Every structure is written in C-alpha cells, then in structure tokens.
Amino acid sequence: MSDDAERKMQFLYALRSKGVTDSRVLSAMEAIDRGPFIRGIFSNRAYEDMPLPIACGQTISQPSVVGLMTQALHISPRDKVLEVGTGSGYQAAILSRLARRVYTIDRHSRLVREARELFDELGLTNITAITGDGSFGYPDQAPFDRIIVTAAAEDPPGTLMEQLKTGGTMVVPVGQSDAVQHLIVVRKKPSGVEYEELRQVRFVPLLEGLGKDT
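Model, not experiment: these values are computed from the prediction.

So, about the pairing of strand β9 (residues 192–201). Judged from the nine bridges that link them, strand β8 (residues 181–189) and β9 form a sheet pairing that is antiparallel. Note that in β9 the partner of K189 across the bridge is G192. Linking β8 to β9, which pair antiparallel, is a turn of two residues.

This is the structure we're talking about:
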C-alpha cells in the first residue's frame, strides 16, 4: 500500500472513531484532500485530527469537527447551503460534494480570494464565495435549506434564523469566545424551533464588520 493510501485510510479511521459514520460525508471527506487548504509550516500536519492556524488569525477546524458538523446537517443533493466563515475553504469544499449549491461568506477578503483559487483548481463549480459580514447572512439568496456557522455566537443569530427555511437545519457553535462553547443543531419546524446539543468545541468568535487582511 502506498504512503498516500495508508494516510487516507488512517484519516478515515480517525473520523469514524470520533463518530463520523455517515457514508456520504465520509466519501466527501475522502474525495477532498485537506492538504491544499493548509499552507506554510503546518502543511505537513494536514492529515492529523487537529485544528491548525491559517491566515488572518483564523484556524482550519479539525477534520472530525468538520465531519460531525456536516453530518448533523443531513444535507440532501437538492439543498442550498449557506456557510458563515469561509476560512480556508475546506468546509465549503466538503459541502459542495453533498449539496446542490453552496454560498460561503467571510469577512476577510484574502481568505475568500485564496479559497476561490482553490475551488477553481479543484473544479468545484457549485460554490460561490463572498466577502462580507456573515453575521447578516446572505439575504440575496435566502432562504437556505441548511446553514453552517464556523464561528461562535453567544446565541444562534436571529438574522440567520430568519434566512433558514422552515424545515431547515442550522449548526452553530454557541458560547463566549473565551470559554467552552457548545455545538448546537437548530431545527426550524412549523411548530417552533428545536435545539440539540452535540458536543463541546472551541471556535473563533463571530464578529461583525469586515476584517483586516493581515
């Protein structure tokens, strides 16, 4: 077995051992190589189950958290998905293998530009990446079947709740940025809103406004 094949097997085994068991999600994560989304001195750690720093003071989430968040969305091939917090673009690339259309928004124009370049290189044509204030969602394309937020809010953001279709699902980390946060699944039903707590996580805070590209 080649080193590459063995590394991929270990990567998928680690995902399964952390609770990522959905076959479509595992196939998407097998198809999208995490390596190109990590640049610089940490690129040799791309296949470890750990968060890593990227540009603009942001992080790329550990693969098991990406897998669990994606799995919790229960995306169908007809779904239109909004991601708040493009970051490296890795999560959006995974989503693109599962959904009809992905809109991803980030406050850092540099991250959006670099993610777009990667999406083009990988031939991922169903992703639209936008520079903007993700706390306002993306009203131009609302409502969305699924929404995923990759930054922590103190409560599930009301603006995003409004842009979620009835029958839709949102996954969002909730809690203070300097404390333990909880990954929450929000289901918007005709009878009201249901909340389910998945696990404890640590994410960067969801901030308003546009970021400085440092």
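Okay, back to it.
It is worth spelling out the sheet that holds β9 at this point. Sheets are built from strands that pair by backbone hydrogen bonding, the pairs being arranged parallel or antiparallel. The mixed open sheet is built from seven strands, whose spatial order is β5-β4-β3-β6-β7-β8-β9. The sheet is open, and its two edges are formed by β5 (127–131) and β9, each paired on a single side. The sheet shows a mean angle of 15° between the axes of neighbouring strands, taken without regard to direction. Bridging between strand β7 (residues 164–174) and β8 involves six bridges; their strand directions are antiparallel. Paired with P173 across the strands is L183, a residue of β8.

Let us now look at the UniProt feature "active site" (unreviewed entry) in the chain. Mapped onto this structure's residue numbering, the UniProt feature "active site" (unreviewed entry) falls at S61. We classify S61 as buried; its relative accessible area is 18%.

So, on to the packing of aromatic side chains. Taken as a whole and assessed by the stated rule, the structure comprises four aromatic pairs. Seen in terms of ring centroids, Y103 and F144 are 6.2 Å apart; in terms of plane orientation they differ by 65°. Their pairing is edge-to-face. One end of the pair, Y103, is in strand β4 (residues 101–106); the other, F144, is in strand β6 (residues 144–149), and 41 residues separate them in sequence. The class for F144 is buried, based on a relative accessible area of 0%. Three or more aromatic residues joined by ring pairs make a cluster, and in this case those are Y103, Y138 and F144. Over the face of the ring belonging to F144 we find K80, whose NZ or CZ atom lies 5.4 Å from the ring centre.

Remark: helix α1 (residues 3–17) packs on helix α2 (residues 23–31), axes separated minimally by 11 Å, with the N-to-C direction vectors making an angle of 145°. Crossing of α1 over α2 shows right-handed handedness. Contacts between α1 and α2 involve K8, F11, L12, L15 and R16 from the first element and L26, M29 and E30 from the second.

The rules behind each value
- Residues numbered from 1 in each chain as written.
- Predicted model: local features only at pLDDT ≥ 70, side-chain atom pairs only at ≥ 80, totals over all residues.
- Heavy atoms only, no water.
- Pairing = 2+ DSSP bridges.
- Helix = DSSP H or I, 4+ residues; strand = E, 2+ residues; numbered from the N terminus.
- Axes fitted to C-alpha atoms, helices over the stretch in contact; angles between N-to-C directions.
- UniProt positions renumbered as here; feature names shortened; annotations may be inferred.
- Buried < 20%, exposed > 50% of the residue type's maximum accessible area, 1.4 Å probe, protein only.
- Phe/Tyr/Trp six-rings, centres within 6.5 Å; stacked < 30°, edge-to-face > 60°.
- Lys NZ or Arg CZ within 6 Å of the ring centre and 35° of its normal.
- Left-handed = near helix turned anticlockwise from the far one by under 90°.
- Contact = heavy atoms within 4.5 Å.

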